[in-house]
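A closer look at the structure
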Amino acid sequence: MKSVILAGGSGTRLYPVTHVVNKHLLPIYNKPMIYYPLSLSMLIGIRETILVVNPQDVENFKRLLGDGSHLGMRIDYVFQERPRGLAEGLILTELYLKNQNCILYMLGDNIFFGHDLPKIMLSAKEEVRKEGGACVFAYYVHDPERFGVVEFDESGRVLSLEEKPKKPKSNYAVVGMYFYDSEVFEIAKSIKPSHRGELEITSVNEEYLKRGKLKAKLLGRGFAWFDAGTHESFLEAGEFVATIEKKTGLMIGCIEEIAYRNGWIDKEQLLKLAEPLKKTDYGKYLINLTKES
């Protein structure tokens, strides 16, 4: 299984900050935003990831993440020349993923937290792998008219999808994480551009719904979700991460730690990664991991 993380776009909601810096490289508290979706992919054992990026930003991403080999992973980069919609990101990665029966697709500015989140993601992965179709994730919001809204039954079968409805049928927003089978490429290439001139991921999900192959997993109480694409949510996400880390002494989204605990790198490799950072709290955290029994 492989994952795709969409890390392109122009980040206009965060202007002027993102006028010269890709938003996915901005810090959410103490680490780049891109670490959070990448770490979540790693937590469920995915070692191969494709980042969809703007051509002008690729060198910065490579300086940060390289080819992933230092983490025991493989990271590839695909260019999105200009923003043509989230669904185009899938089309651009088809050559890397066409033989995959289950694909994790994530938006790089969506940040998730929850103790059982990897378990829920693995459940979605297995359902898509065995039964085909697609799976989206639903999160309760008090203002559903601002989001894409999903209505689903007790079995998780999706009944309806609506984009920013005036009269929502539920309070559950569709968040930026999806599992798809290999039919997603044929579907993405068949949809028509929206009034914005973009290939919308909602249109892909609607086609799965028409085929009766769309399910939803609920992220209920105990989970946190941030769409860190606005100044307010960006700040909220950073404050949330800071609070959790200070209270627990454990890091969220630490890709080196996950690679180490997954057995993808050994103690010596972790120390090598920590060495340039040894004067920082981040580096000290990595060094302390090697001292655990």
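What you see is a predicted model; the values in this text were computed from it and never measured.

Let's talk about the nonpolar core
By size, the foremost hydrophobic cluster in this structure holds 54 residues, and its most contacted members are Leu51, Leu65, Met121, Phe137, Met177, Phe179 and Leu219. Tallying contributions element by element places helix H5 (residues 117-131) first for this core, with five residues. A domain-level breakdown of this core finds at least three residues from each of domain 1 (2-262) and domain 2 (267-292). For Phe137, the contacting residues outside a window of four places in its chain are Ile120, Met121, Ala124, Ala173, Val174, Val175, Met177, Phe179, Lys217 and Leu219. In this structure, Val4, Val136, Tyr180 and Tyr208 belong to the second largest nonpolar core, which totals 31 residues.

Topic: the state of the cysteines
This structure, assessed with the given rule, holds zero disulfides. For Cys135, which is in no disulfide, the shortest distance to another cysteine sulfur is to Cys102 and amounts to 9.2 Å. A residue is classified by how much of its surface remains accessible, and Cys135, at 1% relative accessible area, is buried.

Side note on the environment of Ile287
Position of Ile287 relative to the elements: it lies in helix H11 (residues 281-289). Looking at Ile287, the relative accessible area reads 22%, which means it is partly exposed. Placed 127 residues apart in sequence, Ile287 and Ser160 show a C-alpha to C-alpha distance of 49 Å. Apart from the residues within four sequence positions on either side, Ile287 is in contact with Leu271, Ala274 and Lys278.

A closer look at the domain arrangement of the chain
Splitting the chain by domain gives domain 1 (2-262) and domain 2 (267-292). A C-alpha centroid distance of 29 Å is found between domain 1 and domain 2. Counting from both sides, the interface comprises 14 residues of domain 1 and, opposite them, 10 residues of domain 2. Between domain 1 and domain 2 lies a buried interface of about 990 Å² when both sides are counted; carbon and sulfur atoms form 66% of it. Summed over the shared surface of domain 1 and domain 2, the number is four residue pairs in polar contact (both at pLDDT 80 or more). Residue composition of the side of domain 1 that touches domain 2, grouped by class: seven nonpolar, three polar and four charged.

Thresholds, definitions, all that
Counting restarts for each chain: residues are numbered from 1 in the order of the written sequence. Local features in this predicted model are restricted to residues of pLDDT 70 or higher, and side-chain atom pairs are both shown and tallied only at a pLDDT of 80 or more, whereas totals for entire chains, interfaces and linings draw on every residue. Side-chain measures were taken over the full set of non-hydrogen atoms in the model, leaving aside hydrogen atoms and water. Note on terminology: a nonpolar core comprises buried Ala, Val, Leu, Ile, Met, Phe, Trp, Tyr and Cys residues joined through side-chain atoms within 4.5 Å. Think of it in three bands: with a 1.4 Å probe and only protein chains considered, a residue is buried below 20% of the maximum accessible area for its type, exposed above 50%, and partly exposed in between. Numbering goes from the N terminus for both helices and strands, where a helix is a DSSP run of H or I of at least four residues and a strand is a run of E of at least two. Those domain boundaries reflect an automatic or database domain assignment. Contacts are residue-level and defined by heavy atoms, with any inter-residue pair within 4.5 Å sufficient. Disulfide: a pair of cysteine sulfur atoms within 2.5 Å of each other. A 1.4 Å probe defines the accessible area here, and the buried area is the portion of it lost by two parts on being joined, summed over both. Nitrogen and oxygen atoms within 3.5 Å of one another constitute a polar contact, given that in protein one can donate a hydrogen and the other can accept it, and given that sequence-neighbouring residues count only through two side-chain atoms. Under this grouping Gly is polar, as are all residues other than the nonpolar Ala, Val, Leu, Ile, Met, Phe, Trp, Tyr, Cys and Pro and the charged Asp, Glu, Lys and Arg.

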